[in-house]
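Report on the structure
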Amino acid sequence: MPDAIAFTQVEKRFGKGHAPAIADLSFSVSAGEHVCIVGRTGCGKSTAVNLILGLAQASGGQVRVLGVDPLRDFNRLRGRIGCVFQTDRLLPWRTALDNVLVPLEILRTRAPGTEAQAVELLHKVGLAGHEQAYPQQLSGGMRQRVALARALITQPEVMLADEAFGALDEVTAAALRGDFQRIAKARGQTVLQITHSLDEALSMADRVLVFDRPGRVVGEFPRAQWEAPAQRQVVRQALRALIAGEAEADADAAGVRRAA
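Attention here is on the structure that accompanies the text. (Residues numbered from 1 in each chain as written. Predicted model: local features only at pLDDT ≥ 70, side-chain atom pairs only at ≥ 80, totals over all residues. Heavy atoms only, no water.)

Regarding the layout of surface pockets
The computed volume of the largest pocket comes to approximately 710 Å³. Taken together, 22 residues form the lining of the largest pocket, with Leu53, Gly79, Ile81, Gly82 and Cys83 sitting closest to its centre. Elements represented by at least two residues in the lining of the largest pocket include exactly strand S5 (81–85), helix H3 (102–107) and helix H5 (140–152). (1 Å grid on protein atoms, 1.4 Å probe; cavity = no way out; pocket = protein on both sides within 12 Å on 5 of 7 lines; lining within 4 Å. Points joined across faces, edges and corners; volume = space filled by probe spheres on them. Helix = DSSP H or I, 4+ residues; strand = E, 2+ residues; numbered from the N terminus.)

Below you can see the structure in the form of structure tokens.
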């Protein structure tokens, strides 16, 4: 079985003469794995998401999602990838329930039974009783829950979360992260999550990748490295060192596997 997501020596430039946003980026995510990507602003994290979604074309190298090219074979991935962004992007004139059903309408797969599925998803993300509420009647955290349910309605094989919890207060974010992780694991979904929060990455990921400019992997941490409570702080410090570009000084303390 191929990896769910695979980048092989990928480069992305935005116009001639521009420095690459991504340069020689190689990494993979196995089916059912939850991988978090951390790194400084401008290190290519969101550009990688756009390449996975088929919204941009790589300047070099190869991107594969579920075994196909997401740009060339875009239609083969319709409904198989779900995405939650930092902003909820809800349609203000539609109720929570109708917002969740939008992807099925786009795919032309909405049917009488799918409304019940949408209601069930809203219940799973903690919005029972709010099905007929409009976005302006909901808090920021509640709107993000609607966005999560909307991303899940097509039962995607791959879930992308691009700073999906970054705009929420910590209590709300922790609750929503828990719901997201529980649903994704129950469904066996592959998750690629972009985050600026090291605590979020360490609480959710099976593996953490560290990106650096210009869009390359400089460190990799499997969960086994921080499972022991005594190692968690050491790994957090090593992550900070890598993100700050101080890998040579501190990263080896945590046994970091760095990219060659």
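What to know about the sheet that holds strand S7 (residues 190–194)
As summarised here, the arrangement of the 6 strands in space is S5-S6-S7-S3-S8-S9, forming an open sheet in which the pairing is mixed. Two strands close off the open sheet at either side, each with one partner strand: S5 and strand S9 (216–222). The mean inter-strand angle of the sheet, taken between neighbouring strand axes irrespective of direction, is 20°. Lying on the sheet, helix H1 (residues 45–52) is in contact with strand S3 (34–39), S5, strand S6 (158–162), S7 and strand S8 (207–212); it crosses S6 at an angle near 150°. Its contacts with the sheet put helix H8 (residues 229–243) on S3, S8 and S9, and the angle it makes with S9 is roughly 175°. (Pairing = 2+ DSSP bridges. Axes fitted to C-alpha atoms, helices over the stretch in contact; angles between N-to-C directions. Contact = heavy atoms within 4.5 Å.)

Observations concerning the pattern of salt bridges
Applying the stated criterion to the full structure yields 18 salt bridges. Put simply, aspartate 199 and arginine 236 hold a salt bridge, and the shortest N to O gap is 2.9 Å. With a gap of 37 residues between them, aspartate 199 in helix H7 (residues 198–204) and arginine 236 in helix H8 connect regions that are remote in the sequence. The exposure class of aspartate 199 is partly exposed, given its relative accessible area of 43%. With a shortest N-O distance of 3.8 Å, aspartate 212 and arginine 216 are connected by a salt bridge. Classification of arginine 216 by relative accessible area gives partly exposed; the value is 35%. (Salt bridge = Lys/Arg side-chain N within 4 Å of Asp/Glu carboxyl O. Buried < 20%, exposed > 50% of the residue type's maximum accessible area, 1.4 Å probe, protein only.)

In short, shape yes, function no, at least from these values alone.
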